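One letter stands for each residue in the lines below.
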Amino acid sequence: MKHISLFKYGLTVLFFICATLSFAQNTPFTGKVIDENNQPLPGAVVRIKGTETATATDVNGGFRLNSSQQAIVITVSFVGYDVAEKSLVANQPLTIQIQPNSKSLSEVVVVGYGTSKKSDLTGAVTNLGTKDLNPGPITNPLQQLSGRAAGVTITQTGSEPGASPSVRIRGITSLIGGNDPLVVVDGVQGNMDLLKQVPPSEIESVDILKDASATAIYGSRGAPGVIIVTTKKNKAGKTSVEYTANASVDVLTRQLKELNATQWWEQAQLYNVPASANHGSSTDWAGLLTQTGSTQNHTLAFGGGADKFSYRASVTGILQTGTVINSNYKNYIGRIQATQKALDDRLTLTMNLNSGINDSNFSPNSVGRAAFSSNLYNNVYVARPTDPVLNPDGSYYTDPNVFQYINPYAVANTIINKGHEDNLFGTLRADLQLTKGLTADWFGSWRRINGNSGYYLPAMSTVATAVDNKGIANINNYHTDEKLNDISLNYKTDFGKHHLDAVAVYEYQIQSYNGNFAQAKGFINDIATYNALQLGDITKVTPGDFSSYKNDRKLVSYIGRVNYSYNNRYLLTASFRRDGSSVFGVNHKWGDFPSASLAWRVDQESFMKNQRIFSTLKLRGGYGITGNQQGLFPQGSIPLVGSAPPVFFGGELISNFIASQNANSDLRWETRKQTNLGVDFGLFNDRLLGSVDVYTATTSNLLFGYSVPQPPFPYGSIQANVGSMVNKGLEVTLSYQVIKNNTTTLTLAGNATLLKNKVLNLSGSINGVPLNTNYVPRGGNSYLIEGYPVGVFNIIKHLGKDATNSETVVDQDGNGIIDQGDRSPDRVIAGQALPKYTFGFTPSFSYKNFDASMVWRGSGGNKIYNAIRANLSYFENLGKANVLQSAVPLGLFHSQYGSDLWLEDGSFIRWENLNLGYRITMPNSKYISSIRFSVTGNNLLLITKYSGADPELPTDGNNTTGIDNGIYPRTRVVALGLNVVFK
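Criteria and thresholds
Residues numbered from 1 in each chain as written. Predicted model: local features only at pLDDT ≥ 70, side-chain atom pairs only at ≥ 80, totals over all residues. Heavy atoms only, no water. Pairing = 2+ DSSP bridges. Helix = DSSP H or I, 4+ residues; strand = E, 2+ residues; numbered from the N terminus. Axes fitted to C-alpha atoms, helices over the stretch in contact; angles between N-to-C directions. Buried < 20%, exposed > 50% of the residue type's maximum accessible area, 1.4 Å probe, protein only. Polar contact = N/O pair within 3.5 Å; in protein donor to acceptor, adjacent residues only side chain to side chain. Contact = heavy atoms within 4.5 Å. 1 Å grid on protein atoms, 1.4 Å probe; cavity = no way out; pocket = protein on both sides within 12 Å on 5 of 7 lines; lining within 4 Å. Points joined across faces, edges and corners; volume = space filled by probe spheres on them. Nonpolar A, V, L, I, M, F, W, Y, C, P; charged D, E, K, R; others polar. Phe/Tyr/Trp six-rings, centres within 6.5 Å; stacked < 30°, edge-to-face > 60°. Lys NZ or Arg CZ within 6 Å of the ring centre and 35° of its normal. Core = buried A, V, L, I, M, F, W, Y, C linked by side-chain atoms within 4.5 Å. Patch = residues over 30% accessible without salt bridge, like charges linked within 9 Å, V, L, I, M, F, W, Y side chains within 5 Å. Areas by Shrake-Rupley, 256 points an atom, 1.4 Å probe, with all protein chains shown as cover. Salt bridge = Lys/Arg side-chain N within 4 Å of Asp/Glu carboxyl O. Arc of directions from axis to C-beta.

**Section: the pairing of strand β29 (residues 570–581)**
Regular strands show a simple pattern: their side chains alternate between the two faces of the sheet.
Then, number 1: Across 12 bridges, strand β28 (residues 546–566) lies against β29 in antiparallel orientation. Along β29, the bridge assignment pairs Y558 with R578.
Then, number 2: Where β29 and strand β30 (residues 590–601) come together, 11 bridges link them in antiparallel fashion. Each bridged residue has a counterpart across the sheet, and for D579 the counterpart in β30 is G591.

If you want it as structure tokens, here you go:
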């Protein structure tokens, strides 16, 4: 019996122990993982620390783990996010929020025809993530890059609605061959106008390829640099709905100060202006033509998907009202991106469809009198303040005693200058994994642009040409069709300490353009404007009043690139591209563009293990050749004829033609050879990050329009490859995390660039005919001169004024004659139009849910020829126009020179951007995950010695570089922003 009782008791205890163990093993630990926007994060790995027990979160971010313990420690990891470590108690669900890893976000960089880890880069590439882009009421993505990247100059000239900034990467690369970088948006290659189809708030990252070792993969289109834009995509299994908005008030800042009515009459009496020129009014022309502007950005983005499918779509509206009356801009963008996996995830299909509609009302440009022509706004400086706006009968006032008098208010209210453009591009990419490491890819894109503009200049505008012709109307239609196909093989493998990544690409591009222009004059009324040209007077038709065109260009490319690394320390990138283009002469259709670069990750060496200064250290060096065909028309190498005024022969008018272009069978690629040396470093556990690049880039076979003798040439100029130019530069980028903890970060970042440009040669020969071109005038006393930068000022020096208040200048050679010829010994070199240095300072701060950022930027070492001030500073014009207040102390009545009196320092520092934001998370809300409010200011402060309206002028290298002929007013912007993330 005792044995039986013991057995029973033993079974009871054993059963109790087993039940307890069984219960302990099934103790549940549950929770939910969310991202920085409080959105569920499916696919995150949740692991019990120190064990192999792990699970992945479901589509709602939920997870469940079992453990025999009553409390456990877990780690949560997800690609691109910091690893989170939390303690869990049984039967007590926990919501865990993980934060993006800023270093991981920028770890993968998009390069030509592929991606690369940032640590593996061997060329000069700048990567900017979403948090690095300038916030606020943005109308063009380039504005988001301003001040952010060394060697990248973003120039916004004026604030006309819809006007795009210009961008130069490492300076001017060409004279007429084009200086705009290639833009690549989700694989679609295009010109700068492609950026108008990119919603600013939908940009995930921007990668800027700067040196030839990085850009040579784009061959003939990569010489001026490459900007690669990657838009946001949705994560598989995750839904998202987000609304982003900005609304701003845009006000005028600096303006030129002209004489008011009282001051004008005081000066008029001193200079014996007849009383008949004073019409007794006190008109504020600038006030009449300006208003408070506004800018609005609205974007609704949403996405979702299952395990093998994801999509993201967005609708964007950009609405801008200008500070000059009757000027505005509207841009509507719709896009959808979808990704589908198939064949056991071996096949990935990615589709992108983007559509945009642009509508613009432009302020009239190039209006005025024979003595002064500029945009509409700058004509307010010419208008006399004593002139009335309207006649007693309500018509616009004009003065018949003033030659080509215009009424600026009449121009603003009567001239119609509209533009409309429809944009559409679509892409399809198929990536098929053939075997382990080997992938075959196909990519196709198709882009179409249909645009038209209408211009109507009525007689009531008071513009002389409109009055003489009883109104002028024209319509311009244009169509662009661009197709691109590429087929590639990509192979990646690791063997031992070696890593190899190779790609081979065949690419075919075709671009077609066609359009027509028609103009009519002589209208009996203004009812139809430009919408019924047939109502014009047919007897007023002249050559050039109607035209049409159609042309195309083709580009075929063979591309290869190899990335190799050994032991994750020694890196090599080599590429070769062979391009064939239809735009060149029959003797030089093809061009070869090789590149190679090396990098040494010094921080990975064993001798660096025991030091605690450098956490990252990489040395880079590269060389490459790129080509350029921008600026050349599709038929640029063949002889062309154009229309000429008809001739009267045999009693009737006969159509006439004239040579309009010379043939050049040797027209070839403009080439740019660039050498780059760089170092990337991180100190103190990457608290201090930086990079330094030194480069030399020489452009040879320089494309330019050279003057040629007639005969033997039928036309007086020819596009040819003669001459060379060099850019040398130093770029520095630094970023220091002053504070970094769980609640607070403070980062001080900035960049600086030194740039030296020089024209090496402008001489050569065409078909045995010598071309000795030098001292080429570019306008405003700027020149192309061998041995000097593009746009160097070669100018007469101001001395003073004589007894008649006429300007006197320095007679440099003392011969008693002031020679104003291009090669005159009386001219002196007095500065350059291109800045010698640029810089940006971009600090940022965050504390819990509050964040702040700033952008300061500037440039210097350049001069500006203030042409508008020169035009408005001579008192001989006072009876028929106004002058600036600054003209009074000068007291100049007349001048026959364009001297350095009007040459000014163009250096400036601008407080470009300030953004303050606060995010409110709403975990208890059923529909809203978070709300962020922000305040943004743009162009808050300008520090400069320049006396003009704004020192920021185009640096394109063309004839207007460094010349201020008047700009659309620059505005100061204050905006409120809202971002709502829905659950």
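**Let's talk about the sheet that holds strand β10 (residues 125–129)**
Then, number 1: Reading across from one edge, β10-β15-β16-β13-β14 is the order of the five strands in this open sheet, with mixed pairing throughout. Of all strands in the sheet, those bounded by a partner on one side alone are β10 and β14 (188–190). Neighbour-to-neighbour, the strand axes of this sheet turn through a mean angle of 15°, independent of strand direction.
Then, number 2: In this sheet, β14 lies alongside strand β13 (residues 182–185) in antiparallel orientation, the contact comprising three bridges. Following the sheet pairing, V184 is matched in β14 by Q189.

**Considering the sheet that holds strand β2 (residues 45–48)**
Then, number 1: One open sheet holds the four strands; their spatial order is β3-β2-β5-β6, and the pairing between them is antiparallel. Every other strand in the sheet has two partners, leaving β3 (54–56) and β6 (84–89) as the edge strands with one partner each. In this sheet, neighbouring strand axes are inclined to one another by 25° on average, regardless of whether the strands run parallel or antiparallel.
Then, number 2: By the bridge criterion, six bridges tie strand β5 (residues 71–77) to β6 in an arrangement that is antiparallel. The partner of I72 across the bridge, within β6, is L88.

**Things to note about the side chain of N563**
Then, number 1: Summarising the element assignment, N563 is placed in strand β28.
Then, number 2: Accessibility expressed as a relative area gives 17% for N563, which makes it buried.
Then, number 3: Within the structure, the side chain of N563 is placed 2.9 Å from the side chain of T573, a separation counted as a polar contact.
Then, number 4: Not counting the four nearest positions on each side in its chain, N563 is found in contact with H499, L500, D501, L572 and T573.

**Brief notes about the layout of surface pockets**
Then, number 1: Of the voids in this model, the second largest pocket is the one considered here, and its volume is about 1200 Å³.
Then, number 2: In this structure, the second largest pocket is lined by 43 residues; those nearest its centre are N191, D193, T480, E482 and Y513.
Then, number 3: The class makeup of the residues in the lining of the second largest pocket is 12 nonpolar, 20 polar and 11 charged.

**Quick word on the packing of aromatic side chains**
Then, number 1: For the coordinates displayed, the defined rule picks out 17 aromatic pairs.
Then, number 2: Aromatic pair F584 and W669: ring centres 4.4 Å apart, planes at 45°, arrangement tilted. A residue pair is termed long-range when its members are at least 10 positions apart, and F584 in the loop between β29 and β30 and W669 in the loop between β33 (652–661) and β34 (670–683) qualify at 85 residues.
Then, number 3: Residue W669 is classed as buried on the basis of its relative accessible area of 4%.
Then, number 4: Aromatic ring contacts, followed pair by pair, group Y271, F875 and F893 into a single cluster.
Then, number 5: Here R170 stacks its cationic end above the ring of Y695, 4.0 Å away from the centre of that ring.

**What to know about empty space enclosed by the protein**
Then, number 1: Counted under the stated rule, the structure contains seven cavities of 30 Å³ or more.
Then, number 2: Its volume calculated, the largest cavity comes out at about 410 Å³.
Then, number 3: Every residue lining the largest cavity is counted, 29 residues in all, and those nearest its centre are Q143, Q156, S159, N938 and V973.
Then, number 4: When its residues are assigned to classes, the lining of the largest cavity shows seven nonpolar, 17 polar and five charged.
Then, number 5: Taken as a whole, the second largest cavity encloses approximately 270 Å³ of empty space.
Then, number 6: In this structure, the second largest cavity is lined by 30 residues; those nearest its centre are T153, T155, T838, S859 and F908.
Then, number 7: Listed by contribution, the elements that provide at least two residues to the lining of the second largest cavity are β11 (152–155), β39 (744–761), β48 (837–841), β50 (850–860) and β51 (863–865).
Then, number 8: Here the element with the most residues in the lining of the second largest cavity is β11; it accounts for four residues.
Then, number 9: Across the lining of the second largest cavity, the residue classes tally to 12 nonpolar, 15 polar and three charged.

**Here we look at the nonpolar core**
Then, number 1: Core analysis: the largest hydrophobic core is formed by 29 residues, its most contacted members being V380, Y381, I415, L457 and V463.
Then, number 2: Of all elements in the fold, only α5 (285–289), α6 (408–414) and β25 (438–457) reach the threshold of two or more residues within this core.
Then, number 3: Looking at this core, the element that brings in the most residues is α5, giving three residues.
Then, number 4: Within the second largest apolar cluster, 22 residues are counted, among which are L128, I154, L194 and F425.

**Brief notes about the environment of V324**
Then, number 1: In this structure, V324 sits in the loop between β19 (309–321) and β20 (328–342).
Then, number 2: A relative accessible area of 0% places V324 in the buried class.
Then, number 3: For the pair V324 and G768, spaced 444 residues apart in the sequence, the C-alpha separation amounts to 54 Å.
Then, number 4: Ignoring any residue separated from it by four or fewer positions in sequence, one finds V324 in contact with L289, T290, Q291, S363, L376, Y377, Y968 and P969.

**Focus on a nonpolar patch on the surface**
Then, number 1: On the surface, I336, L349, M351, L353, L424, L428, W442, I487, Y506, Y558 and W590 cluster together into a nonpolar patch covering about 960 Å² of accessible area.
Then, number 2: Of all the elements in the fold, those that place two or more residues in the nonpolar patch are β21 (347–361) and β24 (416–435).
Then, number 3: For the nonpolar patch, the element with the most residues is β21, which contributes three residues.
Then, number 4: You can see I336 is positioned in strand β20.
Then, number 5: Residue I336 is classed as partly exposed on the basis of its relative accessible area, which comes to 33%.

**Things to note about helix α4 (residues 261–270)**
Since the α-helix turns once every 3.6 residues, residues separated by three or four places project in the same direction.
Then, number 1: Within the sequence span of α4, burial applies to A261, W264, Q267 and A268. Mapping the buried residues of α4 onto a view down its axis gives an arc of 130°, with all of them on the same face. Opposite the buried face of α4, by more than 90 degrees, sit the exposed residues T262 and L270.
Then, number 2: As for α4, its buried residues are in contact with α9 (887–890).

**Some points on the pattern of salt bridges**
Then, number 1: Using the criterion set out here, one finds 32 salt bridges in the structure.
Then, number 2: Between D345 and K308 there is a salt bridge; the shortest N-O distance is 2.7 Å. Of this pair, D345 sits in the loop between β20 and β21 while K308 sits in the loop between β18 (293–305) and β19, placing them 37 residues apart in sequence.
Then, number 3: D399 serves as the salt-bridge partner of R384, at 2.5 Å between the closest nitrogen and oxygen. Of this pair, R384 sits in the loop between β23 (373–374) and α6 while D399 is found in the loop between β23 and α6, placing the two residues 15 residues apart along the sequence.
Then, number 4: On the basis of relative accessibility, which here comes to 5%, the residue D399 falls in the buried class.
Then, number 5: Several salt bridges converge on common partners, so that one network encompasses R857, R910, E912, D950, E952 and R970.

**Things to note about the environment of R612**
Then, number 1: Counting through the fold element by element, R612 comes out in the loop between β30 and β31 (614–628).
Then, number 2: Sequence spacing of R612 and L683 is 71 residues, and the spatial spacing of their C-alpha atoms is 8.2 Å.

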